[in-house]
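Chain by chain, the residues:
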Amino acid sequence: MSTPPPRTSATPPPGPPVRLLIVDDDPLVRAGLTLMLGGGQGIDIVGEGADGAEAEELVERLRPDVVLMDIRMPVMDGLTATERLRRRPDAPEVVVLTTFHADEQVLRAIRAGAAGFVLKDTPPARIVDSVRRVAAGDPVLSPAVTRQLMARAAGGGSGDRAGRADRARRRFGQLAEREKEVAVAVGRGGSNAEIAASLYLSLATVKTHVSRILAKLDLNNRVQIALLVHDAGLLDTDGEGGDA
């Protein structure tokens, strides 16, 4: 009997397909995304919505795993919808659609619990990959983009930064020392494997620490950990950040 060929990256992952809801006020964009992603391996487009209010109704009825959400929409914008969806006990993951790499609205969406964002001109194969990764619990923000967002987050007045740093430091006081080390490593953009190597931990231990950090700090994903680490001043290169 012949040996089956090895699994390739193009092969859909085992298990049921990712249930995807597309929300955009432009019917041509929705049609284009549906056409591009409908044939994506491992993805099942369960519905389309034209605004944030409709997204809430569709999530209630269709139970998608991931929502691909435009930011700028009438009736209810994608930011408000993301905030409301992520407060649900059975919240789907949200990936925001945008034309900007990093702006205030994307930052607000990330703080609200969005797992990342994709640009509207992203190639279909990469959008498919992003949806799969988010469904698997892996945010789709590169370290470079995370740094852009954190820089934008730091753009307020000195009073805003000081207050944000104080609140972030108080929250980090809830963490054990090893959890703080892992959180800072996440803030620097390290993957679980990279963090495991740098801190001499097993991959499973790093995953456990990340899960505990998210639970203790009431955060949704690794990007929010990175933003909180930045707010606390723990990434300062001049050493002023100190220990939380």
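Residues numbered from 1 in each chain as written. Predicted model: local features only at pLDDT ≥ 70, side-chain atom pairs only at ≥ 80, totals over all residues. Heavy atoms only, no water.

In this section: unusual backbone geometry. The backbone of Arg63 shows a phi angle near 55°, a positive value even though the residue is not glycine. Of the residues examined, Arg63 reaches a relative accessible area of 40% and is grouped as partly exposed. A positive phi angle is found at Asp218, which is not glycine, with a value near 55°. (Buried < 20%, exposed > 50% of the residue type's maximum accessible area, 1.4 Å probe, protein only.)

Before going further, it helps to examine the pattern of salt bridges. On inspection of all chains with the given rule, the structure shows 15 salt bridges. Between Arg86 and Glu93 there is a salt bridge, and its shortest N-O distance comes to 3.7 Å. Exposure remark for Arg86: the relative accessible area of 13% places this residue in the buried category. One salt-bridge network, in which partners are shared between bridges, spans Glu60, Arg63, Arg88 and Asp90. (Salt bridge = Lys/Arg side-chain N within 4 Å of Asp/Glu carboxyl O.)

Between its first and last C-alpha atoms helix H10 (residues 203-217) spans 21 Å; for 15 residues at 1.5 Å apiece the expected length is 21 Å, and the two agree. Residues of H10 that are buried: Val206, His209, Val210, Ile213, Leu214 and Leu217. The buried residues of H10 occupy an angular sector of 135° when the element is viewed end-on, so they sit on one face. Away from its buried face, by an angle of more than 90 degrees, H10 presents the exposed residues Ala204 and Ala215. Just past H10, the residue Asp218 takes up positive phi, approximately 55°. (Helix = DSSP H or I, 4+ residues; strand = E, 2+ residues; numbered from the N terminus. Expected span 1.5 Å × (residues − 1). Arc of directions from axis to C-beta.)

Okay, the confidence of the model for the protein chain next. In this model, the protein chain carries an average pLDDT of 81, and 80% of its residues clear a pLDDT of 70 or more. Considering each helix and strand of the protein chain separately, the mean pLDDT is smallest for helix H6 (residues 143-153), with a value of 64, and largest for strand E1 (residues 18-23), with 95. Taken together, the stretch residues 1-11 has pLDDT below 50 and engages in six contacts with residues farther than four places along the chain or on a different chain. In the predicted structure, residues 237-244 sits below a pLDDT of 50 and forms 13 contacts with residues beyond four places in sequence or in another chain. (pLDDT = per-residue confidence, 0-100. Contact = heavy atoms within 4.5 Å.)

Glancing now at the side chain of Thr98. Examined against the element boundaries, Thr98 turns out to sit in strand E4 (residues 93-98). By relative accessible area, Thr98 is classed as buried at 1%. The contacts of Thr98, once residues within four sequence positions are left out, are Ile71, Arg72, Val106, Phe117, Val118, Leu119 and Lys120.

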